[in-house]
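Architecture and fold: a report
One-letter residues, chain by chain:
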Amino acid sequence: MKLFNPATGWLLLLALAIGFPFLADNDYHLTVMSTAFIYAIATIGLNLITGYTGQYNLAHSGFMAVGAYTVGILTVDYGMSFWLSFALSGFVAAFLGFFVGIVSLRLKTHFFSIFTLCVGYIMFLVIEKWESLTHGTVGIMGIPAPENIGPLDFSEPRTQYYMVLFFLAASVWVMHRIVHSLLGRTFMAIRNGDDLAQALGINLMRNKLLAFMLSVFFSGLAGGLYAGYVRFLGPAVASVEHTFDMTMYMLIGGIGTLLGPLLGAISMPWLTQYLQVLQEYRFVVFGPVLVLLVIFLPYGIVGTYLNRQRRKAALRAPAAPAPSAASSSTTAPKQGATHA
């Protein structure tokens, strides 16, 4: 009987996350971890369309900004409660993703990525220039904190941390259900090849569009959480650099895995924090580390571990017994009779 299994590992990670506020030295550490959790939710969404469906969306941070500005505009300009605007943030991003996906998903491979890169830049320009709606380069200030729920005061750093952790745990659980369902296997069949998926009777456009909308839904929710946590928004939220950061999290942790993007999104911000003591020289250290990881762990940390476990299981599996001479002699006449 195994002492350590995936369920035990997830429970251990959850226990460590719950106990982190009691180990943190100050509120700044809670801020770093909470922000990492928010980007982990967005990275999980990007992993669905990229790692499981095989479509690299470079406008992902733009949809995160859509969710964030949905919360900012509705709460500041229209006086709506945070929780209601937060509930709408993911759906607004998915609604916009429907129209973007209908056009962009007709393209394949790098053409799709280039098109979404242009879409992401258009989103950035709209946020920066549409001052009457987005407040332009001034940004949206004074976003209210989430309203209290009973005794829970979400203006406190520790309570905000647990709020973000709750939505991260819920996102991981929902993504686990999606990936291990028939829908998830459909996405992976599309990733393995469009022609193969069509041969299996899969509607490519419908399922790609569904994966795209689910992906940006998670990104919109992450943006809504970001707005309520940071309480200030500027056009930089939609920068494509954030998409590249999330891509780095996936590659380091393991693209196409559940734990990989989560591990990358949580560990890399802490690594950059510790390298800040090097100031302008930190990228001299950070760059070679990433190159070495890509060379020696091409499938990421989690992906490489899973591949090794599969190889060990294949080596331990007993070989299929070779057919005996008697069985081959008895089957030969039957084959001949069949052909006759």
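Residues numbered from 1 in each chain as written. Predicted model: local features only at pLDDT ≥ 70, side-chain atom pairs only at ≥ 80, totals over all residues. Heavy atoms only, no water.

Observations concerning a positive patch on the surface
Selection criterion: Exposure above 30% relative accessible area and no salt bridge define the residues that can form patches, which grow by joining like charges within 9 Å and nonpolar side chains of Val, Leu, Ile, Met, Phe, Trp and Tyr within 5 Å. Only the protein chains shown count as cover for residues, and the accessible areas themselves come from Shrake-Rupley with a 1.4 Å probe. Take a side-chain nitrogen of Lys or Arg and a carboxyl oxygen of Asp or Glu: if they are within 4 Å of each other, that pair is a salt bridge. In this tally Asp and Glu are treated as negative and Lys and Arg as positive; neither His nor the chain ends contributes. The atoms used to mark charge sites are NZ of Lys, CZ of Arg, CG of Asp and CD of Glu. Starting at the N terminus, helices and strands are each numbered in turn, a helix being any DSSP run of H or I of at least four residues and a strand any DSSP run of E of at least two. Each residue gets one of three labels from its accessible area relative to the maximum for its type: buried under 20%, exposed over 50%, partly exposed in between, using a 1.4 Å probe on protein chains only.
Together, Arg308, Arg311, Lys312 and Arg316 make up a region of like positive charge exposed at the surface. Its place among the elements puts Arg316 in helix 14 (residues 300–316). With relative accessibility at 62%, the residue Arg316 sits in the exposed group.

So, the environment of Met268
Residue placement: Met268 occurs in helix 12 (residues 259–274). Along the primary structure Met268 and Met248 are separated by 20 residues, whereas in three dimensions their C-alpha atoms are 8.8 Å apart.

With respect to the side chain of Ser104
Defined as follows: Any N or O atom pair separated by 3.5 Å or less is treated as a polar contact, with the protein-specific requirement of one donor-capable and one acceptor-capable atom, and with residues adjacent in sequence counted only for side-chain atom pairs. The contact criterion used is simple: two residues touch if any of their non-hydrogen atoms lie within 4.5 Å.
Relative to the helices and strands, Ser104 is located in helix 4 (residues 82–104). Classification of Ser104 by relative accessible area gives buried; the value is 0%. A distance of 2.8 Å separates the side chain of Ser104 from the backbone oxygen of Val100, its partner in a polar contact. Residues within four places of Ser104 in sequence aside, it is in contact with Phe112, Phe115 and Thr116.

Let's talk about the packing of helix 2 (residues 27–52) against helix 8 (residues 182–192)
Our working definition: Lines fitted to C-alpha atoms define the axes, with helix axes restricted to the stretch in contact, and inter-axis angles between N-to-C directions lie between 0 and 180 degrees. Roughly parallel means an angle under 35 degrees; roughly antiparallel means over 145; roughly perpendicular covers 65 to 115; every other angle is labelled oblique. Only Asp, Glu, Lys and Arg are considered charged in this grouping, and only Ala, Val, Leu, Ile, Met, Phe, Trp, Tyr, Cys and Pro are considered nonpolar; every other residue, Gly among them, is considered polar.
Look at helix 2 against helix 8: their axes get within 8 Å of each other, and the N-to-C directions meet at 50°. With respect to helix 8, the axis of helix 2 lies oblique. Between helix 2 and helix 8, the residues in contact are Leu48, Gly51 and Tyr52 and Phe187, Met188 and Arg191, respectively. Class assignment for the residues of the contact of helix 2 with helix 8 results in four nonpolar, one polar and one charged.

Regarding the environment of Ala238
Considering the arrangement of structural elements, one finds Ala238 in the loop between strand 2 (232–233) and helix 11 (240–253). With 117 residues separating them in the primary sequence, Ala238 and Tyr121 have C-alpha atoms 8.0 Å apart. Apart from the residues within four sequence positions on either side, Ala238 is in contact with Ser61, Gly62, Ala65, Gly120, Phe124 and Ile127.

Observations concerning the packing of helix 8 against helix 10 (residues 204–230)
Stated formally: Crossing chirality is assigned from the near helix's rotation relative to the far helix, an anticlockwise turn below a right angle marking it left-handed and a clockwise turn marking it right-handed.
At a minimum axis distance of 10 Å, the contact between helix 8 and helix 10 shows a crossing angle of 110°. As the angle between them shows, helix 8 and helix 10 are arranged roughly perpendicular. Relative to helix 10, helix 8 is oriented so that their crossing is left-handed. Contacts between helix 8 and helix 10 involve Leu183, Thr186, Phe187 and Ile190 on the former and, on the latter, Leu204, Asn207, Lys208, Leu210, Ala211 and Leu214.

Description of a nonpolar patch on the surface
A contiguous nonpolar patch, built from Val103, Leu107, Phe111 and Phe115 and spanning about 330 Å² of accessible area, is present on the exposed surface. Checked against the element boundaries, Phe115 lands in helix 5 (residues 109–129).

A look at the packing of aromatic side chains
Condition: Stacked, tilted and edge-to-face pairs are distinguished by plane angle, under 30 degrees for stacked and over 60 for edge-to-face with tilted covering the rest, among Phe, Tyr and Trp rings (Trp via its six-membered ring) whose centres lie within 6.5 Å. Note on criteria: charge over ring means Lys NZ or Arg CZ within 6 Å of the ring centre, with the direction from the centre no more than 35 degrees off the ring normal.
Considering all chains together, one arrives at 19 aromatic pairs under this definition. Look at Tyr39 and Tyr226: their rings are 6.2 Å apart centre to centre, the planes differ by 75°, and that puts the pair in the edge-to-face class. Remark: Tyr226 occurs in helix 10 and Tyr39 occurs in helix 2; sequence separation between them is 187 residues. Exposure class is identical for Tyr39 and Tyr226. Each is buried. Plain terms: the ring middles of Phe95 and Phe99 are 5.1 Å apart, the flat faces sit at 80° to each other, and that makes the pair edge-to-face. Residue Phe95 and its partner Phe99 are both found in helix 4; the two are separated by four residues, about one turn of the helix. Given the relative accessible area of 53%, Phe95 is considered exposed. Taking relative accessible area as the criterion, Phe99 reaches 45% and is therefore assigned partly exposed. One Lys or Arg, Arg158, reaches over the ring of Phe22 and ends 4.8 Å from the middle of that ring.

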